[in-house]
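Chains, contacts and geometry: an overview
Read off the chains here:
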Amino acid sequence: DPAAAGEWLNTFPPGESHQQAVQEYVGSISYEYPQLAATWVGSIQDSEQRSSSMKTIVQQWLEIDPVAAKAWINQSTLTPEQKQQLLTPDEHEEK
């Protein structure tokens, strides 16, 4: 149960082990539960890891439910440039 696993993660004390667990959790649920993964990705402190995880989540989510994925992106606190990169990933990967 991915939601229960997330609740369990909340019991971890802050620190390196918590961050590692969150990264693993996000990675493991991103393909099947991208919306749930999206709620956790912001808690990844390492900016490169957070960005990479977010890209993976959004790509998968756009395949499963593009309307919900686009709504989440547009309502997020991401910069306009970040939003554009997530909404048009193929154009940015080729550069």
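In this report, the structure presented in the accompanying data block is examined. None of the values given here were measured: they were computed from a predicted structure.

What follows concerns the nonpolar core. Grouped together as the largest cluster of nonpolar side chains are 20 residues, with contacts concentrated most on Val 26 and Ile 57. Every element with two or more residues in this core is listed here: helix 2 (16–29), helix 3 (34–41), helix 4 (47–64) and helix 5 (66–75). Apart from the residues within four sequence positions on either side, Val 26 is in contact with Ala 37, Trp 40, Val 41, Ile 44, Ser 53 and Ile 57.

With that settled, the discussion passes to the packing of aromatic side chains. Summed over the entire model, instances satisfying the criterion amount to three aromatic pairs. Here Trp 8 and Phe 12 contribute two aromatic rings whose centre-to-centre distance is 4.7 Å and whose plane-to-plane angle is 80°, an arrangement assigned as edge-to-face. Exposure remark for Trp 8: the relative accessible area of 53% places this residue in the exposed category. On the basis of relative accessibility, which here comes to 22%, the residue Phe 12 falls in the partly exposed class. Geometrically, the ring pair formed by Trp 61 and Trp 72 is tilted, given 5.8 Å between the ring centres and 40° between the ring planes. Residue Trp 61 is found in helix 4, and its partner Trp 72 is found in helix 5; the two are separated by eleven residues along the sequence. For Trp 72, a relative accessible area of 24% gives the class partly exposed.

Attention shifts here to helix 1 (residues 2–9). Turning to helix 1, its buried residues are Pro 2, Gly 6 and Leu 9. On an axial view of helix 1, the arc spanned by its buried residues comes to 55°, and they lie on one face. In helix 1, those exposed residues whose orientation departs by more than 90 degrees from the buried face are Glu 7 and Trp 8. Measuring from the backbone nitrogen of Ala 3 back to the side-chain oxygen at the start of helix 1 gives 3.3 Å, which picks out Asp 1 as the cap.

For Gln 60, the location among the structural elements is in helix 4. According to the relative accessible area criterion, Gln 60 is buried, its value standing at 17%. At 3.3 Å, the side chain of Gln 60 forms a polar contact with the backbone oxygen of Tyr 31. Every residue in contact with Gln 60, bar those within four places of it in the chain, is listed here: Ser 30 and Tyr 31.

Turning our eyes to something else, we now look at the packing of helix 5 against helix 6 (residues 80–87). With their axes 9 Å apart at the nearest point, helix 5 and helix 6 run at an angle of 165° to one another. On the basis of the axis angle, helix 5 is roughly antiparallel to helix 6. Both helix 5 and helix 6 take part in a crossing whose hand is right-handed. Residue-level contacts link Lys 70, Ile 73 and Asn 74 of helix 5 to Lys 83, Leu 86 and Leu 87 of helix 6. In terms of residue class, the contact of helix 5 with helix 6 is made up of three nonpolar, one polar and two charged.

Procedures and definitions
Residues numbered from 1 in each chain as written. Predicted model: local features only at pLDDT ≥ 70, side-chain atom pairs only at ≥ 80, totals over all residues. Heavy atoms only, no water. Core = buried A, V, L, I, M, F, W, Y, C linked by side-chain atoms within 4.5 Å. Buried < 20%, exposed > 50% of the residue type's maximum accessible area, 1.4 Å probe, protein only. Helix = DSSP H or I, 4+ residues; strand = E, 2+ residues; numbered from the N terminus. Contact = heavy atoms within 4.5 Å. Phe/Tyr/Trp six-rings, centres within 6.5 Å; stacked < 30°, edge-to-face > 60°. Arc of directions from axis to C-beta. Polar contact = N/O pair within 3.5 Å; in protein donor to acceptor, adjacent residues only side chain to side chain. Axes fitted to C-alpha atoms, helices over the stretch in contact; angles between N-to-C directions. Parallel < 35°, antiparallel > 145°, perpendicular 65-115°, else oblique. Left-handed = near helix turned anticlockwise from the far one by under 90°. Nonpolar A, V, L, I, M, F, W, Y, C, P; charged D, E, K, R; others polar.

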